Amino acid sequence: MEIWEGIDVSQFNGTIDFDRVRAAGKSFVMVRAGWCGYDGSIQKDTRFDENMREAGKAGLNVGIYLYSYAKTPQAACMAADSLLEMAGPYRMTYPVALDMEDSSLQGLGKARLTEIARAFLERIEEKRYYAALYTSYGWMQSFLLPEELTRFDWWIADWRQGTMPGNRWGMWQYKGDQGRVDGVSGPCDLDRAYRDYPSIMEKYGLNGLKPPEPEEEDTAAALRKEVERLRREAQEWEEKYKELEAGLRALLQEDEAM
């Protein structure tokens, strides 16, 4: 299995030298867009635009995530719409993720939280963006109904060393406050991706990317090629016919001689 190394960042990481991050072997970065309130309104991360711009300039693949306090499906949908408006100017080849982990949401219950997550993810997909859900492995088990969200991609945080929480998750945040990478001062979350997201986005035209243009052959050239093929087949059949006719004639002559 091919694995891609990356990081996730927010305003709390300060100014980042993304050229050094890439030189350190990282191929992608998940950028925090900000956080949404109970009603779905978004407070933008103060370094969102800077991080998106500079990560792209450095040649890193980029995705985004939104920390959520949304308490209703309607709020989640509103947050999804606003988030994609913010992301519009930027090229994204990694998922658009909902970060669901806040303790203030736990009292809503598994069914309600699952409904909120589904509403956000479905709205992102309706807009033809690639949706994912970020949470910790423990939070997923304790406060969601994961079996009802299996068709969506997951980005799982689990800092237990040497473990991968299930082989179907698209991304794994394997180190947090102990993570370090050149180009970022202080701790930095470290991630691994197990899917070739840029290829997925381009193949299916997601995240505002256009799928590859099919190669269109000139109509006249295609017709000429087909005519030549049929001509060759006709010539082969004519030669076969002559060969069979000559063989039959020889047999008839032998019968007459007898």
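Above this note sits the structure.
Keep in mind it's a predicted model, so treat the numbers as computed, not measured.

What counts, and where the lines are drawn
Residue indices begin from 1 for each chain and proceed along its sequence in written order. Whole-chain, interface and lining totals are the exception, using all residues; otherwise, since this is a predicted model, local features are given only for residues with pLDDT of at least 70 and side-chain atom pairs are given and counted only at 80 or more. Working from all heavy atoms in the structure, the side-chain values ignore hydrogens and water. Any pair of Phe, Tyr and Trp rings, taking the six-membered ring for Trp, is counted once the centres come within 6.5 Å. Such a pair is stacked with planes under 30 degrees apart, edge-to-face with planes over 60 apart, and tilted for the rest. Only DSSP runs of H or I reaching four residues or more are called helices, and only runs of E reaching two or more are called strands; each is numbered from the N terminus. Three labels apply to residues, based on accessible area from a 1.4 Å probe with only protein chains included: buried if under 20% of the type maximum, exposed if over 50%, partly exposed otherwise in between. Here, a charge over a ring is recorded when the distance from Lys NZ or Arg CZ to the ring centre is within 6 Å and its angle to the ring normal is within 35 degrees. Two strands are counted as paired when DSSP detects at least two bridges linking them. When the strands point away from the viewer and the path from the first strand over the helix to the second turns clockwise, the crossover is right-handed.

Chemist: Now, about the packing of aromatic side chains: what can you tell me, with residues and values included?
Modeler: According to the stated counting rule, one finds 12 aromatic pairs in the structure shown. With centroids separated by 4.6 Å and ring planes inclined at 70 degrees, the aromatic side chains of Y134 and W155 adopt a geometry described as edge-to-face. Here Y134, found in strand 6 (residues 131-136), pairs with W155, found in strand 7 (residues 153-157); they are 21 residues apart in sequence, far enough to count as distant. Note on Y134: relative accessible area 7%, which makes it buried. The exposure class of W155 is buried, given its relative accessible area of 1%. Connected via pairs of aromatic rings, a cluster forms that spans F28, Y94, Y130 and Y197. Across the ring face of Y38, the terminal group of K71 is positioned such that the distance to the ring centre comes to 4.3 Å.

Chemist: How would you explain the pairing of strand 4 (residues 61-68) if you had to name every residue and give the values?
Modeler: For strand 4, a buried count of seven out of eight residues is recorded, marking the element as mostly surrounded by other parts of the structure. Here eight bridges tie strand 2 (residues 28-36) to strand 4, and the two strands are oriented parallel to one another. Its bridge partner being in strand 4, G34 is matched across the sheet by L66. Where the polypeptide runs from strand 4 across helix 3 (residues 73-87) and back to strand 5 (residues 96-99), its parallel neighbour, the crossover connection is right-handed.

Remember that the coordinates give geometry; whether it matters functionally is a separate question.
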